[in-house]
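What follows is each chain in one-letter form.
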Amino acid sequence: MGRIDENGNPIPENKWEKNCKWDNFDAQIDQVCVIFDRDYRKLEDKLNEIFKLCNQHGIKIVMSNPNFELWLLMHFPNIKQYESQKLLKNEKNLKHHLFKEASINKKYLEILVSKNAGGYSKGCKLEFKKFLPFIDIAIEQAKLYCEDSQKLVDELGTCVGKLIEEMRA
């Protein structure tokens with residue numbers, strides 16, 4: 001399979017050259033990363049293919065399982081207070097079975113992030129100022145879980161902390 005766009009359609013070679021090639025790219029110091037959530041739009045069906053293509057083209061995979069909200073939650077102390085299986089399952093709050101006061105449309109991690117950050121809504125503009133002062137806490141707490149993208153196919157964790165550490169080096 002050749003290169004594909006976000007809708008699964010082939011990208012013509014001339015478009016790839018025009019939009020996805022960088023004149024100043026230096027493989028000694030630069031790295032291309034793809035960052036995504038494990039639970040994104042039934043992605044699990046395509047993970048083997050994504051890993052194969054990324055490895056083939058030297059693209060680093062930075063994945064969170066189940067999603068980026070796990071990384072955001074790691075910015076707040078004591079991540080281990082939450083059950084790993086509940087975090088990984090990340091259920092919707094249907095019939096208010098997780099939290100009485102939260103929307104039935106929100107998932108477990110989104111609710112936890114909102115409670116800790118004093119408000120958060122997926123898809124809305126992320127207020128980095130709520131999280132930035134706690135980035136070192138998040139990096140350390142991420143180490144308590146899986147940080148290997150290949151293993152994140154099945155395990156709870158995120159590679160975002162490792163990426164930030166690499167960027168700082």
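As the structure is a prediction and not an experimental result, all values here were calculated from the model. (Residues numbered from 1 in each chain as written. Predicted model: local features only at pLDDT ≥ 70, side-chain atom pairs only at ≥ 80, totals over all residues. Heavy atoms only, no water.)

Q: Whenever I open this one, the packing of helix 6 (residues 135-142) against helix 7 (residues 160-168) confuses me. Can you help?
A: Helix-helix packing: each pair is described by the crossing angle between the helix axes and the interaxial distance. Close contact between helix 6 and helix 7 brings their axes to 9 Å; oriented N to C, the two are set at 120 degrees. Between helix 6 and helix 7, the angle falls in the class oblique. For the element pair helix 6 and helix 7, the recorded crossing hand is left-handed. Mapping the contact onto sequence places I135, D136 and I139 in helix 6 and G161, I164, E165 and R168 in helix 7. For the contact of helix 6 with helix 7, the class distribution of residues is three nonpolar, one polar and three charged. (Axes fitted to C-alpha atoms, helices over the stretch in contact; angles between N-to-C directions. Helix = DSSP H or I, 4+ residues; strand = E, 2+ residues; numbered from the N terminus. Parallel < 35°, antiparallel > 145°, perpendicular 65-115°, else oblique. Left-handed = near helix turned anticlockwise from the far one by under 90°. Contact = heavy atoms within 4.5 Å. Nonpolar A, V, L, I, M, F, W, Y, C, P; charged D, E, K, R; others polar.)

Q: Would you take a moment to explain the pairing of strand 2 (residues 59-65) for this structure?
A: Regular strands have side chains that alternate between both faces of the sheet. Extensive coverage of strand 2 is indicated by the burial of six of its seven residues. Two strands pair when backbone bridges link them, and strand 1 (residues 32-37) and strand 2 are joined in this way by six bridges, in the parallel orientation. Note on strand 2: the bridge partner recorded for V32 is I59. Note that strand 2 and strand 3 (residues 157-158) share two bridges and pair antiparallel. Along strand 3, the bridge assignment pairs N65 with G157. (Buried < 20%, exposed > 50% of the residue type's maximum accessible area, 1.4 Å probe, protein only. Pairing = 2+ DSSP bridges.)

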